[in-house]
Amino acid sequence: MPAILNVLIGVVFVFLLFSLLVSALNEIILSTLDKRADFLKEGLRELLQNPQRVSDFLGHGLIDALSRKTGGNPSYIGKDPFVAAVLDLIKPANPTEVRTIADFQTAVAGLPNDKFRQSLSAILDGADNNLEKFKQGLGAWYDHSMERVSGWYTRYAQKWLFALGLIVAIACNVDTIHITQTLSADPKLAVATADQASNFLKTNAASSAGEAKQDAAALDSLSKNVQTEMQSLNALHLPIGWDPDARQRFGVWQPDRKIAWPKTPAVLFSALCGWLLTALAGTLGAPFWFDTLNRFVNIRGNGRAPNEKDLPTKKARS
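Each chain carries its own residue numbering, running from 1 in the written order of its sequence. Where local features are concerned, this predicted model is filtered to residues with pLDDT of at least 70; where side-chain atom pairs are given and counted, the filter is 80 or more; whole-chain, interface and lining totals use all residues. The basis for every side-chain value is the complete set of non-hydrogen atoms in the structure, without hydrogens or water.

## Things to note about the overall build of the chain
Rule in force here: The secondary structure listing takes helices from DSSP runs of H or I that are at least 4 residues long and strands from runs of E that are at least 2 residues long, numbered from the N terminus. Accessibility here uses a 1.4 Å probe with only protein chains present; expressed as a share of the type maximum, an area under 20% marks a residue as buried, one over 50% as exposed, and anything in between as partly exposed. Pairs of residues are marked as contacts when any of their non-hydrogen atoms sit within 4.5 Å. For accessible areas, the Shrake-Rupley method is used with a probe of radius 1.4 Å. Any residue's cover is judged against the shown protein chains and nothing else.
Scanning the chain from N- to C-terminus turns up 15 helices and zero strands. The buried share of the chain, taken over its 318 residues, is 39%. Here the analysis covers contacts within the chain between residues at least 6 apart in sequence; of these, 71% occur between residues at least 24 apart. When the accessible area of the chain is evaluated, it comes to approximately 17500 Å², of which 57% is carbon and sulfur surface.

The following block contains the structure:
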């Protein structure tokens, strides 16, 4: 059982580092493409129904201020700015008068007969002639719609994450099947990898992967940690990467070991399955693998054999 646990910890540790790397790359790409803003705008089209209405909404001072540039599309809009901007779309504010619920009822009745008017009419009916309840209804309507938009973005990001994960898995030869076989055949390597995973958890105990900050400093620190851990795995001679000939032929990264490109159909099929497993593992996300690794390490710490570090390698036993 301890030997199997060490293998599991080693594989999960590789998945965690791989997920951190691929997730960071995925976020950089989607942020560069401004996909959050695109999905938010699509959600606003569903809510407001009219292209001119969407344009007027995005041009509102409260909303435009949330964009990175004037006239751009924000990637996030809070509930309060949305409600204030929609109220101004229905009936523009006038400094000389105070708007009442009756003003909004009249304004909504004069809107074109589309889904936007139907939604507002339903919210007004539930407001019981109370302006504050009307505002609360608008906020709830927006929150429910944004949950759906968030689902759209998550599914889109997952597709990107899998595609990017598969590319990185092949480029860096992160083959789950080969790594598992190597750790199973070499208990000493499995123990060393599990020890490194335990040290990684201790170092990052203050902030779990699920609560990682998104500011530039935190991302830079996270990247350095992943780079350091990958270098340590290279020093352990974990089978990740390609040999020099493969690097020259395919132009991919080559760490300190020699692993040749699969030369037979059976080996190539095994490698493809291993790369696909790695890519699928990356789609589960770093928080999932961080928590899984933490559970396995806790089990190992509670039941580790005293002489575990002295386990011989397969070569030594032979």
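## Considering the packing of helix α2 (residues 35-48) against helix α3 (residues 51-59)
Using the following cut-off: The convention used is that axes are lines fitted to C-alpha atoms, helices contributing only their stretch in contact, and that angles between N-to-C directions extend from 0 to 180 degrees. Under this scheme an angle from 65 to 115 degrees is roughly perpendicular, one under 35 degrees roughly parallel, and one over 145 degrees roughly antiparallel; angles in between are oblique. Helix crossings are classified by the rotation of the near helix relative to the far one: an anticlockwise turn of less than a right angle makes the crossing left-handed, while a clockwise turn makes it right-handed.
The interhelical angle for the contact between α2 and α3, taken along N-to-C directions, is 120°, at an axis separation of 9 Å. Relative to α3, α2 is oriented oblique. Note that α2 runs across α3; the crossing there is right-handed. Every residue of α3 that contacts α2 at K41, L44, R45 and L48 is listed here: R53, V54, F57 and L58.

## Some details on the pattern of salt bridges
It is possible for side chains of opposite charge to pair when their charged atoms get near one another. The cut-off we apply is this: Definition used for salt bridges: Asp or Glu carboxyl oxygen within 4 Å of a side-chain nitrogen of Lys or Arg.
Under the defined criterion, the tally for this structure stands at 10 salt bridges. As a salt-bridge pair, E97 and K91 come within 3.9 Å of each other at their nearest N and O atoms. Here E97 falls in the partly exposed class, since its relative accessible area comes to 39%. Residue E132 pairs with K135 through a salt bridge whose shortest N-O separation is 3.8 Å. Of this pair, E132 and K135 are both found in helix α8 (residues 131-171), three residues apart, which corresponds to roughly one turn of the helix.

## Quick word on unusual backbone geometry
The residue D34 is not glycine, and still its phi comes out positive at about 60°. As for its position among the elements, D34 is in the loop between α1 (2-32) and α2. In this structure, Q49 takes a positive phi of about 70° despite not being glycine. Relative to the helices and strands, Q49 is located in the loop between α2 and α3.

## Some thoughts on the layout of surface pockets
We count it as follows: Detection works on a 1 Å grid of protein atoms alone, calling trapped sets that fit a 1.4 Å probe cavities and calling open sets with protein on both sides within 12 Å along at least five of seven lines pockets, with lining residues defined by an atom within 4 Å of a point. Grid points are joined across faces, edges and corners, and a volume is the space filled by probe spheres set on the points. When residues are sorted by character, Ala, Val, Leu, Ile, Met, Phe, Trp, Tyr, Cys and Pro go into the nonpolar class, Asp, Glu, Lys and Arg into the charged class, and all the rest, Gly among them, into the polar class.
Taken as a whole, the second largest pocket spans an internal volume of roughly 200 Å³. Only α1 and α2 provide two or more residues apiece to the lining of the second largest pocket. Each residue belonging to the lining of the second largest pocket can be placed in one class, and the counts come to six nonpolar, four polar and five charged.

## Structural notes on the packing of aromatic side chains
Each aromatic ring pair is summarised here by two numbers: the centre-to-centre distance and the angle between the ring planes. Condition: Within 6.5 Å between ring centres, the rings of Phe, Tyr and Trp (the latter by its six-membered ring) count as paired, and their orientation is classed by plane angle as stacked under 30 degrees, edge-to-face over 60, tilted in between.
In total, this model carries 11 aromatic pairs according to the counting rule given. Taking the centre distance of 4.2 Å and the plane angle of 20° together, the rings of F82 and Y142 count as stacked. Here the residue F82 occupies a position in helix α5 (residues 79-90), and Y142 occupies one in helix α8, the gap between them amounting to 60 residues. With respect to class, F82 is no different from Y142; both count as buried. Each residue in the set F57, F82, F116, W141 and Y142 is aromatic and connected to the rest through ring pairs, giving one cluster.

## Brief notes about helix α10 (residues 187-203)
How we decide: Between the first and last residue of a helix there are one fewer steps than residues, each counted as 1.5 Å, and that sum is the expected span.
Between its first and last C-alpha atoms α10 spans 24 Å; for 17 residues at 1.5 Å apiece the expected length is 24 Å, and the two agree. Counting buried residues along α10, 12 of its 17 residues qualify, which places the element largely inside the surrounding structure.

## Details of the side chain of H60
So the rule is basically this: In protein, a polar contact requires one atom able to donate a hydrogen and another able to accept it; more generally it is a pair of N or O atoms within 3.5 Å, and residues adjacent in sequence count only if both atoms are side-chain atoms.
With respect to the element layout, H60 can be found in the loop between α3 and α4 (61-64). Engagement of the side chain of H60 in a polar contact is seen with the side chain of D88, the distance being 2.8 Å. Each residue touching H60, except ones within four places of it in the same chain, is listed here: A85 and D88.

## A few points about the nonpolar core
In plain terms, the rule: For this analysis, a nonpolar core means a set of buried residues of the types Ala, Val, Leu, Ile, Met, Phe, Trp, Tyr and Cys, connected via side-chain atoms within 4.5 Å.
Counting 39 residues, the largest nonpolar core has L16, L183 and L293 as its most contacted members. Only α1, α8, α9 (176-185), α10, α13 (265-283) and α14 (286-303) provide two or more residues apiece to this core. Among the elements that line this core, the one with the most residues is α1, at 13 residues. Those residues in contact with L16, other than ones at most four positions away along the chain, are F200, A286, W289, F290 and L293. Within the second largest apolar cluster, 35 residues are counted, among which are L40, L111, L138 and A157.

## Points about the side chain of T193
Within the secondary structure, T193 sits in helix α10. Residues contacting T193, with those up to four places away along its chain left out, are G10, F13, L183, L233, L236 and L238.

## A look at the packing of α5 against α8
Orientation of α5 relative to α8, taken along the N-to-C sense of each, is 115°, at an axis distance of 9 Å. Handedness of the crossing formed by α5 with α8: right-handed. Listed contacts from α8 to K79, F82, V83, V86, L87 and I90 of α5 are F134, K135, L138, G139, W141, Y142 and D143. Taken together, the residues of the contact of α5 with α8 sort by class into nine nonpolar, one polar and three charged.

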